[in-house]
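Commentary on secondary and tertiary structure
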Amino acid sequence: MSIQKKMKDLSNGNSSHWLKEADFFIENEGWLEYSGRIAMRIIAAMEEKQGMTQSKLAALVGVKVQYISKVLKGHENLSLKTIYKLSEALGVDLISFPEFKYSQPIQPKSSETKVVHFNAAKSTSKDYQLTADE
Amino acid sequence: MSTDKLNFINIVSTFGANIDTCKLWSVVYHDVLDAKGNPLDILTWLFKQWNDFSYLLNYFSQHQNELNNNFWKGMSVEDAVIKANKEVTQLQAELKSIVLNRYEEDFALRKVFIQLERNEFALNASTEKFRKSKFGDYPPILRLYAIELEEGHHIITGGDIKLTKTMNIKERNRLLKVQQFLKSEGFYKGEIYP
């Protein structure tokens, strides 16, 4: 008997289940990494917060404990609302926002700066007094 | 041959409908169970664990000392988790491609896995996706243990997150047990040595 036939007999025709679940992880690899990174931060925050359990966290957020279990596995597509609630319940930031072009403080234009410096240098308390009187 | 003879294990195909051409098999241990208490084959069980960030975080946080050596160069726990998770996704994707493309499995398996030791296999790190990843400078961290039979057939007996050179004792015992069983049934003609 060929080894193929012997192995088939040995397995009784049964198959592994890995492929059924693999699609989800392959197709969603990108956002699942975000979910996993958030999950790690939730777990760390729970470890820091004395007495915090999955049940307590579920009650604070208003979800079922089974949902929290999925969140901690990094398998949930979390809404911003849920991330905010989890963050509030744990007292930690779970996501942060990178700097972008509108994050920078507005710098005075270089020509205006020059004028201010010029005026300041030339001004005296008398000047101000005069200006005020005017 | 009846699987009733196997009072501690069963063997299943890993390729679903392709069972007639399947060459990669997975062991079902009666003490490895899913959340509902049903026996689960070891490949599915390993993938479940390695896809679970809470499991990976717990594992690496308990093995931080082993990350702090010359080999892993003090990789952070977070990076180790992400690396392991990326590897398992790549493993699943490459195994799936074998199923969908109906490759000749023994050839295709050689593309997915690289044999490191007699019974130790890892993701083939020479693939473009692996090399271009953030963790391309590090070797694969996940291991599958398998017994090679005739005609390119392999039976996966277990797996591990490999941070040290030595093989986990539980995995070693599993491998030995399956080898002994296969030998007693006339499937395996090699040495019983992991």
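Here is a short report on the structure shown in this document. (Residues numbered from 1 in each chain as written. Chains lettered and ligands numbered in written order. Predicted model: local features only at pLDDT ≥ 70, side-chain atom pairs only at ≥ 80, totals over all residues. Heavy atoms only, no water.)

For chain A, the helix and strand inventory stands at eight helices and zero strands. Along chain A, helices and strands appear, N-terminal first, in the series α-α-α-α-α-α-α-α. If you take every contact in chain A between residues at least 6 apart in sequence, the share linking residues at least 24 apart comes to 56%. Of the roughly 9600 Å² that chain A leaves accessible, carbon and sulfur atoms contribute 55%. (Helix = DSSP H or I, 4+ residues; strand = E, 2+ residues; numbered from the N terminus. Contact = heavy atoms within 4.5 Å. Areas by Shrake-Rupley, 256 points an atom, 1.4 Å probe, with all protein chains shown as cover.)

Applying the stated criterion across every chain, the model contains eight aromatic pairs over all chains. With a centroid separation of 5.1 Å and 80 degrees between ring planes, the pair formed by Phe24(A) and Phe25(A) is classed as edge-to-face. Ring plane angle 15 degrees and centroid distance 6.1 Å describe the contact between Trp72(B) and Tyr138(B), whose orientation is recorded as stacked. Pair noted here: Trp72(B) is in the loop between α3 (64-67) and α4 (77-101) and Tyr138(B) is in the loop between α6 (128-132) and β6 (142-148), with a separation of 66 residues, a long-range link. Here a set of aromatic residues connected by ring pairs shows up, and it is made of Phe24(A), Phe25(A) and Trp31(A). Positioned over the ring face of Tyr138(B) is Lys73(B), at 5.5 Å from the centre of the ring. (Phe/Tyr/Trp six-rings, centres within 6.5 Å; stacked < 30°, edge-to-face > 60°. Lys NZ or Arg CZ within 6 Å of the ring centre and 35° of its normal.)

Size of an interface, as often reported, equals the accessible area lost when the parts are brought together. The interface of chain A with chain B comprises 33 residues on the first partner and 46 residues on the second. When the buried area of chain A at its contact with chain B is split by residue, Ile3(A), Leu10(A) and Trp18(A) rank highest and sum to 22% of it. The interface formed by chain A and chain B contains six salt bridges. If you list the elements that add at least two residues to the side of chain A that touches chain B, you get α1 (3-11), α2 (18-27), α3 (29-48) and α5 (65-73) of chain A. (Buried area = accessible area lost by both parts, 1.4 Å probe. Salt bridge = Lys/Arg side-chain N within 4 Å of Asp/Glu carboxyl O.)

Before going further, it helps to examine the nonpolar core. Residues Ile42(A), Leu57(A), Phe60(B) and Leu95(B) are the most contacted members of the largest nonpolar core, which totals 80 residues. The greatest single-element share of this core, amounting to 10 residues, is contributed by α4(B). Residues contacting Phe60(B), with those up to four places away along its chain left out, are Leu67(B), Val77(B), Ala80(B), Val81(B), Ala84(B), Ile141(B), Ile161(B) and Leu163(B). (Core = buried A, V, L, I, M, F, W, Y, C linked by side-chain atoms within 4.5 Å. Buried < 20%, exposed > 50% of the residue type's maximum accessible area, 1.4 Å probe, protein only.)

Among the surface-exposed residues, Leu80(A), Ile95(A) and Phe97(A) lie close enough to one another that they form a single nonpolar patch of about 370 Å² accessible area. Along the chain, the position of Ile95(A) falls in the loop between α6 (80-90) and α7 (110-122). (Patch = residues over 30% accessible without salt bridge, like charges linked within 9 Å, V, L, I, M, F, W, Y side chains within 5 Å.)

With that settled, the discussion passes to the packing of α3(A) against α6(A). Residue and element names in this part refer to chain A. For the pair α3 and α6, the least separation of the axes is 10 Å and the interaxial angle reads 20 degrees. Between α3 and α6, the angle falls in the class roughly parallel. Note on packing geometry: the crossing formed by α3 with α6 is left-handed. Here Ile-38, Ile-42, Ala-45 and Met-46 of α3 lie close against α6, whose contacting residues are Ile-83, Leu-86 and Leu-90. (Axes fitted to C-alpha atoms, helices over the stretch in contact; angles between N-to-C directions. Parallel < 35°, antiparallel > 145°, perpendicular 65-115°, else oblique. Left-handed = near helix turned anticlockwise from the far one by under 90°.)

On to the pairing of β6(B). Residue and element names in this part refer to chain B. Burial runs high along β6: six of the seven residues are buried. Across seven bridges, β6 lies against strand β7 (residues 154-161) in antiparallel orientation. When the sheet's bridge partners are listed, Arg-143 is paired in β7 with Asp-160. Connecting β6 to the next strand, β7, in antiparallel fashion are five residues, including Glu-151 with a positive phi near 55 degrees. (Pairing = 2+ DSSP bridges.)

Residues and elements named next belong to chain B. Of note in this structure, Lys-73 is not a glycine but carries a positive phi near 55 degrees. If you trace the backbone, Lys-73 turns up in the loop between α3 and α4. Assessed through its relative accessible area of 57%, Lys-73 is described here as exposed.

In short, shape yes, function no, at least from these values alone.
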